[in-house]
Amino acid sequence: MFITPAFAQGAPAAGGGTDMLIQLAPFLLIFVVMYFLILRPQQKRAKAHQELVSSLRRGDVVVTAGGLVGKVSRVVDEQEVELQIADNVRVRQLRAHITSVRSKGEPAKDETPA
C-alpha cells in the first residue's frame, strides 16, 4: 500500500550530466552578465585613471578626491605631486588621489625672452 523511500526517490536519469549543466546554466549566465556590466567597465575606468595620473605635468589644474582644486607646481616622484591651492600654499598629494584634470597646462619654458 505504501511506497518505500527507496522507490520514492526514483532512479537517476540516463543523461545525468546534462541535468547538472542545466542547473549550472543560470549561475554561468549571471557570471557572464556581471563580467560585462561590472568588471569590464571597472577595468576600463581603472586603466583610464592610470593613464590620466601618469600623464600629469606641471601647470595642470587638477581636482583631488577630497575636493581640492589646485595647479600642479611640481612633480615630486612617481607617486606624489605638489599642488598649489592658493598663493604661497602648496600641498603634497598622492597621484592616486587625483580624480580629474580640469585643464592641461603648457609646459614651462626654460629659456627667457631676449
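The residue numbers shown here count from 1 along each chain, following its written sequence. Per-residue local features of the predicted model are confined to residues with pLDDT of at least 70, and side-chain atom pairs are confined, for both listing and counting, to 80 or more; whole-chain, interface and lining totals are unaffected and use all residues. Computation of side-chain values covers all heavy atoms of the structure but excludes hydrogens and water.

Visitor: How would you summarise the overall build of the protein chain if you had to cite specific residues and measurements?
Guide: What the protein chain contains, in helices and strands, is two helices and five strands. Counting helices and strands in the order they occur from the N terminus, the protein chain gives α-α-β-β-β-β-β. Note on exposure labels: buried denotes an accessible area under 20% of the residue type's maximum, exposed denotes more than 50%, and partly exposed covers the range between, all computed with a 1.4 Å probe on protein chains only. Relative to its 114 residues, the protein chain shows a buried fraction of 16%. In this description, contact between two residues means that some pair of their heavy atoms is separated by no more than 4.5 Å. For the protein chain, the share of sequence-separated contacts (at least 6 apart) that also reach a separation of at least 24 residues comes to 41%. Accessible area for the protein chain stands at about 9,500 Å²; split by element, carbon and sulfur atoms hold 60% of it. Under the DSSP-based scheme used, a helix requires at least four consecutive residues in state H or I and a strand at least two consecutive residues in state E, with every element numbered from the N terminus. In these tables, accessible area is a Shrake-Rupley quantity obtained with a 1.4 Å probe, and a residue counts as shielded only by the protein chains included in the view.

Visitor: Explain the pattern of salt bridges residue by residue, including any values.
Guide: For this analysis, a salt bridge means a side-chain nitrogen from Lys or Arg found within 4 Å of a carboxyl oxygen belonging to Asp or Glu. Scanning all chains against the criterion turns up three salt bridges. With its nearest N and O atoms 3.4 Å apart, the salt bridge here joins Arg74 to Glu82. Looking at Glu82, the relative accessible area reads 14%, which means it is buried. One salt bridge in this structure joins Glu80 and Arg92, with 2.7 Å as the shortest N-O distance. Here Glu80 is found in strand β3 (residues 80-86), whereas its partner Arg92 is found in strand β4 (residues 89-94), with 12 residues between them in sequence. In this structure, a network of salt bridges that share partners links the residues Arg74, Glu82 and Arg90.

Visitor: Which residues make up the packing of aromatic side chains, and what are the values?
Guide: Stacked, tilted and edge-to-face are the three classes assigned to paired rings of Phe, Tyr and Trp, where Trp is represented by its six-membered ring and a pair needs centres within 6.5 Å; plane angles under 30 degrees give stacked, over 60 edge-to-face, the rest tilted. Across all of its chains, the model carries one aromatic pair by this definition. Both rings, one in Tyr35 and one in Phe36, keep their centres 5.2 Å apart while their planes meet at 80°; by these two values the pair is edge-to-face.

Visitor: Before we move on, could you go through the UniProt feature "transmembrane region" (unreviewed entry) in the protein chain and cite the residues and values that matter?
Guide: With numbering aligned to this structure, UniProt lists the feature "transmembrane region" (unreviewed entry) at residues 20-39. Helix makes up 100% of residues 20-39 and strand 0%, with an end-to-end C-alpha separation of 27 Å. UniProt positions are given in the numbering used here, feature names are shortened, and annotations may be inferred rather than shown by experiment.

Visitor: Report on a nonpolar patch on the surface, specifying residues and quantitative values.
Guide: On the surface, a nonpolar cluster with roughly 1,100 Å² of combined accessible area is contributed by Leu29, Ile30, Phe31, Val32, Val33, Met34, Tyr35, Phe36, Leu37, Ile38 and Leu39. For Leu37, the position within the fold is in helix α2 (residues 16-54). Judged by relative accessible area, Leu37 falls into the exposed class, the value being 62%. Patch membership requires more than 30% relative accessible area and the absence of a salt bridge. Residues of like charge join within 9 Å; the nonpolar side chains Val, Leu, Ile, Met, Phe, Trp and Tyr join within 5 Å.

Visitor: How would you explain the sheet that holds β3 if you had to name every residue and give the values?
Guide: Taken together, the five strands give an open sheet; going across it, the order is β4-β3-β2-β1-β5, and neighbouring strands pair in antiparallel fashion. Two strands close off the open sheet at either side, each with one partner strand: β4 and β5 (98-103). Each neighbouring strand pair of the sheet contributes to a mean axis angle of 45°, computed without reference to strand direction. Two strands make a pair as long as DSSP finds a minimum of two bridges between them. By the bridge criterion, three bridges tie strand β1 (residues 61-64) to strand β2 (residues 69-75) in an arrangement that is antiparallel. The residue bridging Val61 from the neighbouring strand is Lys71, located in β2. For helices, the fitted axis covers only the stretch in contact; all axes are lines through C-alpha atoms, and the angles between them, taken along N-to-C directions, range from 0 to 180 degrees.

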